[in-house]
Amino acid sequence: MSQEPERASSPIELHKALSSAWDTPGGWGRLSAINHSILGKRFMIAAFVFFAIGGLLAMLIRVQIATSNTAFVGPEVYGQIFTMHGTVMMFLFAIPMFEGFAIYLLPKLLGARDMAFPRLTAYGFWCYVFGGSILIGAMLAGVAPNGGWFMYTPLSSSTYSPGINADVWLLGITFVEISAMAAAVEIIVSVLKMRAPGMSLNRMPIMAWYLLITAFMMLFGFPPLILGSILLELERAFDLPFFDPTRGGDSLLWQHLFWLFGHPEVYIIFLPAAGAISMMIPTFSRHELVGYRSIVVAVIAMAFLSFGLWVHHMFTVGIPHLAIAFFSAASGLVAIPTAVQIFAWIATMAQGRPRLDVPMLYLLGFFVVFVLGGLTGVMLAMVPFNWQAHDTHFVVAHLHYVLVGGFVFPMMAAAHYWLPHFTGRVSDHRLSVPAFWLIFSGFHLTFFLMHLTGLLGMPRRVATYPAEAGWDWLNLLSSVGSFVMTIGFALFVLDLIVQVRFGKAFRRNPWGARTLEWAMPTPPASYAFASLPTIEDRADRLDPDALAPSLARGEGYLGFMRNGWQETLGVDMTTGRPEQVIVLPKPTFLPLWSGLATGGFVLGLLFKTYWLALIMLAVTVVILISWTRTTGAREDTGPLAIGGGESAPPHWEADQAPSWWAMVFTLAANATLFASLIFGSLFLWLVAPGWPPAIAAGPGLALAVPCAVALLVAGLGGRRAASVLVAGSSPAAWLAACAAGQTTATILLVVMAAQVVEPTGHAHHATVFVILAYAALHTAVGTIFAVYGLWRLKAGYLSARRSLDLRIGKLWHDYTAIVGIIALVGTSLMAILAGVPEIQP
Amino acid sequence: MSEVTVQGRQLVLLAAGFIVWSVAFVALYAMLSVGCAYGWDRIDLAGGLTLQRVQLIVIFLVHLGAGLWLARALRPASTSRGDDHPAQFLRHAAYGTAVAAVAATAFTFAGIFALTSCY
Ligand code: HEM
Ligand SMILES: [Cu+2]
């Protein structure tokens, strides 16, 4: 291994050298791809396929309700169709489309060569594809979920949905969610740590802010849903009664957990689209974005406010007046940051010299549709109106004005805007304009009329309605509109194909944009930038045409090859000062195998073959651990030259490597899940009928106290191991202590969980059981971390400089000790709360 | 290490104002449910003020005060915009979110003064 860069003699040489390190092999080797350009495109293509499937289902819906008393599919299949339509659109189209978009674009916008964790990207992709396939497969087999995309209990509980339909949703969506969480962590770390030198936070292109904030929203929004899905699946599979009111559970708990995710989800879908709009409008207006800082503030405000209004989906379930006022106020408030952004866009156009091109046409479509959707949204946020329109087609109309306006139109603009980047070709747009008008007019015909049918009282999610209701002609027109829209989409696809095949080649930057992604050849090379730029101004005021040749000549940072490594730079979070050389992994099949093993685990759960599920889980863990065999180094390297006379250590010798941050953010999401679990337990105690339970359950002191001691030993061992290593001595003894502590705690926790009397008898017992099991899972993983540390030590990967593995492990052990003790104290307290009749509410 | 914490803090400050808002939200919503479960809305303290309303108002004022204090503490020293320096930028933006959060706090929870609390 050498520290010295090998300089290339010409741009062509440099290109060849970099390609040899970064390219993905052909043939079957393509399946080993981990490169962000390839995976970003795969994500988007897969998402588009799911969009087409969802659209097809929408057509079936419209056929069924085009006229009264249709006998087209019948209520059972209709239930499956509208559920799958909603599910596919929300989970398999919108979120993954955003992920793909971010994965493809983000490194290029930031001036990096790839995302922070390329193998994780690939793993996320496989999880998504396999999870989605399970859902689609179930639909083809006629056992798709049929309780609506929100899966309300008790309808989705085993009493009312006996088959595997609901399990398909719960397991399939959780599987896809794994990939979304992975993407969220990866996006956050990439934005914070992997930018071109000099790109301080205030110089990031606005899109990076949007993606960063969206990813944070996913980090805190998805865990409640994941928890809800796990609990519901536990109820369905093992009869633990979290949502069953006859045994101390409460259906409302599901609604809370679902909408705590569900409403932010709408903004998670909208914000990336708004980011894309904020990139395109300046380009077409030939003026920089007005109000950069105000937009950042507005988006942060929006991110928070959108979490404070989930109950507006539950106004009619009997929540106290005053609470409804909170949520109603928050729902109204969220319009303000939206308006700030819209005004910033209008101001940008007003100050610039706007040019109308196809992307702008779609953006105008967005303005019209989205503003109308916003207006009906404000109407719905008003409680008296909500009581009238709740669960009618008025809501369906509103929801599509917002979703299609706020996501589909901007994404179609973005597709036209960035397609030249993917393909290196521009189109003459002969098909694009008619496609737009078909979609736009078809959209209004379809959905505007739904406001009217809704106001006339047509409920949503019903397969038929009587002719006397007089909704026939409106519905028929609406269905005709949806076919017009579909023809438009078909034309859109045709247009893309024509452009990919026959578009004119161009040299670079066809729109005259001023952001970094255009400072590279198109279609982009696997390594994105031949060398990394220095950023001295806000990164949406650059001159890509001047920058590109110098970067291609290798005049920026890392414009060379070293040891065949795939290198990119890690920077200080705020200032963008170069801080470490991040060495990325090579293409590998491991993510594919891990995804398949995880898929096997999910299928095992689905078909209730739990022995298979357990085996597959073990296989998954083993494969995931084997990822690390190629990570790190066996000797100290010291600072490496990065060009321009500067140097930086490799990431495994740096203080805060990307993986360290990834652990921090993963634990933040994990803590959200745990907090939701505690919240759920208290909620049931406070609100659910059927309390107190006949007997209270909790861990006995005889086991809880030694368990707490073991947790503390493990936590301390993990901490000391890291600090002893940094100080230059061997951490072996401390790691062993940590492993022993974790193992002991695991055994004690398992015994305590097993001692919970009849977890199926009452929600109180079930929650205590699950909290203890959660802690046991963490101590078990803690054991793996400690043993892994020992193995890395023995294999020579650790030294005073190379302490990353142990510092990451330390985070886990700290977290485990804290949640373990909270679990012990919490379950003991709950036993007291549940056991003393006087304090029962 | 110390530099890392400083940066971390600057970034977290962007969210600080709204974290206060969120905590207020959770506290008020939770205590509202607790109060209703125990019938605090039927415990008249003085002149028609119920225990329920008093405790909610206290929680509200504490958070409003915390938000105001935060916004004050974050007020940028100079009036110069100075967006080109990251620390300046973050400070200005954090001040902006804190002010927005105080306004949001006042608006979102104003209902506790007037509305009936448990039905
Ligand atoms: C492409 C044109 C589309 C058409 C014609 C369409 C049509 C419909 C109709 C008629 C319903 C109501 C079903 C019922 O209540 O019986 C519905 C529900 C829904 N749609 Fe769409 N839709 C389209 C696109 C989208 C998109 C792009 C999204 C999201 C990104 C979406 C998300 C949803 C959701 C979440 C529901 C609620 C499903 C449920 O109640 O379980 N739709 N759609
Ligand atoms: Cu909502």
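Above this note sits the structure.
One numbering rule holds for all chains: residues counted from 1, following each sequence as written. Labels follow written order: the first chain is A, the first ligand is 1, and so on. This being a predicted model, a pLDDT of at least 70 is required before a residue's local features are given, and a value of 80 or more before pairs of side-chain atoms are given or counted; all residues contribute to the totals for chains, interfaces and linings. Only hydrogens and water are removed before side-chain values are computed, so all heavy atoms of the structure are retained for them.

Engineer: Is there a simple way to think about the coordination of the iron atom of ligand 1 in this case?
Structural biologist: Six octahedral donors around a metal ideally make angles of 90 or 180 degrees; four tetrahedral donors ideally make 109.5 degrees. Residue and element names in this part refer to chain A. Sites may look incomplete, because water is not among the atoms used; the donor set itself consists of N, O and S atoms within 2.8 Å of the metal (3.2 Å for Na, K and Ca). His-85 (NE2) and His-400 (NE2) make up the full set of protein donors to the iron atom of ligand 1, lying at 1.9 to 2.0 Å. Every angle between 85 and 135 degrees makes a four-donor site tetrahedral, while opposite donors more than 155 degrees apart, with all other angles between 65 and 115, make a four-donor site square planar and a six-donor site octahedral; other sites are irregular. Considering all six donor atoms around the iron atom of ligand 1, the spread of angles at the metal, 88 to 179°, places the coordination shape in the octahedral class. Separated by 315 residues along the polypeptide, His-85 in helix α3 (residues 74–110) and His-400 in helix α13 (residues 393–423) bring together distant segments of the chain. The rule is simple: take the accessible area with a 1.4 Å probe, protein chains only, and divide by the maximum for that residue type; under 20% is buried, over 50% is exposed, in between is partly exposed. Of the residues examined, His-85 reaches a relative accessible area of 13% and is grouped as buried. Helix numbers and strand numbers start at the N terminus; a helix is a DSSP run of H or I with at least 4 residues, a strand a run of E with at least 2.

Engineer: Looking at this structure, I do not really get the coordination of the copper ion (ligand 2). What am I missing?
Structural biologist: Residues and elements named next belong to chain A. For the copper ion (ligand 2), the full set of protein donor atoms is His-263 (ND1), His-312 (NE2) and His-313 (NE2), and the range of their distances to it is 1.5 to 2.0 Å. Read from N- to C-terminus, the donor residues coordinating the copper ion (ligand 2) fall into the pattern H-x48-H-H. Taken together, the residues His-263 in helix α7 (residues 251–285) and His-312 in the loop between α8 (292–305) and α9 (321–333) connect sequence positions 49 residues apart.

Engineer: Looking at this structure, I do not really get the side chain of Arg-113 of chain A. What am I missing?
Structural biologist: Along the chain, Arg-113 of chain A falls in the loop between α3 and α4 (118–140). Although Arg-113 of chain A is buried, it forms no salt bridge, and the closest oppositely charged side chain is Glu-567 of chain A at an N-O distance of 5.6 Å. Neither His nor the chain ends is counted toward charge; the positive residues are Lys and Arg and the negative residues Asp and Glu. Salt bridges are identified by distance alone: a Lys or Arg side-chain nitrogen within 4 Å of an Asp or Glu carboxyl oxygen.

Engineer: Would you explain unusual backbone geometry in this entry?
Structural biologist: Backbone geometry follows two general trends: most residues other than glycine have a negative phi, and most peptide bonds adopt the trans configuration. Residues and elements named next belong to chain A. The amide bond that connects Thr-153 to the next residue, Pro-154, takes the cis arrangement and shows omega of 0°. Take Pro-154: it is sitting in the loop between α4 and α5 (165–193). In this structure, Pro-692 follows Trp-691 across a cis peptide bond, with omega equal to 0°. Mapped onto the secondary structure, Pro-692 falls in the loop between α19 (658–687) and α20 (701–726). Not every positive phi belongs to a glycine, and Met-151 is a case in point at roughly 55°. With respect to the secondary-structure elements, Met-151 resides in the loop between α4 and α5. Even without glycine at this site, Asp-391 takes up a positive phi of about 55°. We classify Asp-391 as partly exposed; its relative accessible area is 29%.

Engineer: What exactly am I supposed to notice about empty space enclosed by the protein here?
Structural biologist: Gaps left between atoms show up when a probe the size of a water molecule is rolled over them. All names here are of chain A. Site definitions follow a grid-based scheme: protein atoms alone, a 1 Å grid, a 1.4 Å probe that fits but cannot get out for cavities, and for pockets an open set with protein on both sides within 12 Å along at least five of seven lines, plus lining residues having an atom within 4 Å of a point. Grid points are joined across faces, edges and corners, and a volume is the space filled by probe spheres set on the points. Overall, the coordinates contain four cavities of 30 Å³ or more when judged by the stated rule. Reported here for the largest cavity is a volume of approximately 80 Å³. Lining the largest cavity are Gly-718, Ala-721, Leu-735, Phe-785, Ala-786, Tyr-788, Gly-789, Asp-805, Leu-806, Gly-809, Lys-810 and His-813. Elements with a contribution of two residues or more to the lining of the largest cavity: α20, α22 (763–794) and α23 (804–835). A per-element tally of the lining of the largest cavity places α23 first, with five residues. A class-by-class count of the residues in the lining of the largest cavity yields six nonpolar, four polar and two charged. In this count, Pro and Cys sit with the nonpolar residues alongside Ala, Val, Leu, Ile, Met, Phe, Trp and Tyr, while Asp, Glu, Lys and Arg are called charged and the others, Gly among them, polar.

Engineer: Help me out: how do you make sense of the packing of helix α11 (residues 358–381) of chain A against helix α14 (residues 432–455) of chain A in this one?
Structural biologist: In a packed pair of helices, the relevant descriptors are the angle between the two axes and the axis-to-axis distance. All names here are of chain A. For helices, the axis comes from a line fit to the C-alpha atoms of the stretch in contact; other axes are also lines fit to C-alpha atoms, and the angle between any two N-to-C directions lies between 0 and 180 degrees. Where α11 contacts α14, the two axes come as close as 10 Å, and the packing angle between them is 10°. By the angle class used here, α11 and α14 are roughly parallel. Contact residues: Val-358, Leu-361, Tyr-362, Gly-365, Val-368, Val-369, Leu-372 and Thr-376 in α11; Ser-432, Val-433, Ala-435, Phe-436, Trp-437, Ile-439, Phe-440, Phe-443, His-444 and His-451 in α14. A class-by-class count of the residues in the contact of α11 with α14 yields 13 nonpolar, five polar and no charged. Convention used here: angles under 35 degrees read as roughly parallel, angles over 145 as roughly antiparallel, angles from 65 to 115 as roughly perpendicular, and any remaining angle as oblique. Every residue pair with non-hydrogen atoms within 4.5 Å of one another is taken to be in contact.

Engineer: Can you help me understand the nonpolar core in this one?
Structural biologist: Soluble globular proteins tend to pack their nonpolar side chains together in the buried interior. All names here are of chain A. Nonpolar core, defined: a set of buried Ala, Val, Leu, Ile, Met, Phe, Trp, Tyr and Cys residues in which side-chain atoms within 4.5 Å join the residues together. Membership of the largest hydrophobic core comes to 311 residues, with the highest contact counts inside it found for Trp-209, Trp-345, Tyr-362 and Trp-418. The greatest single-element share of this core, amounting to 22 residues, is contributed by α3. Filtering out sequence-adjacent residues up to four positions away, Trp-345 remains in contact with Tyr-210, Ala-274, Ile-277, Ser-278, Ile-281, Leu-289, Phe-366 and Phe-367. With six residues, the next largest nonpolar core counts Ala-721, Leu-725, Leu-735 and Leu-798 among its residues.

Engineer: Teacher, can you tell me more about the interface of chain B and chain A here?
Structural biologist: Accessible area lost upon the coming together of the parts is a frequently used measure of interface size. Across the contact, 44 residues belong to chain B and 42 residues belong to chain A. Note on terms: buried area is the combined drop in 1.4 Å-probe accessible area of two parts once they are placed together, counting the loss on both. Taking both sides of the interface into account, the surface hidden between chain B and chain A amounts to around 3600 Å²; carbon and sulfur atoms contribute 74%. At the boundary of chain B and chain A, one finds zero salt bridges. Counting of polar contacts relies on pairs of N or O atoms within 3.5 Å, with two restrictions inside protein: one atom must be capable of donating a hydrogen and the other of accepting it, and residues adjacent in sequence are counted only when both atoms are side-chain atoms. On the surface where chain B and chain A come into contact, there are zero residue pairs in polar contact (both at pLDDT 80 or more). Only α1 (2–37) and α3 (86–109) of chain B provide two or more residues apiece to the side of chain B that touches chain A. By residue number, the principal contributor to the side of chain B that touches chain A is α1 of chain B, which donates 19 residues. Residue classes in the side of chain B that touches chain A are distributed as 27 nonpolar, 13 polar and four charged.

Engineer: Would you take a moment to explain the side chain of Asn-165 of chain A for this structure?
Structural biologist: Considering the arrangement of structural elements, one finds Asn-165 of chain A in helix α5. Apart from the residues within four sequence positions on either side, Asn-165 of chain A is in contact with Glu-76, Gln-80, Val-143, Ala-144, Pro-145 and Asn-146 of chain A.

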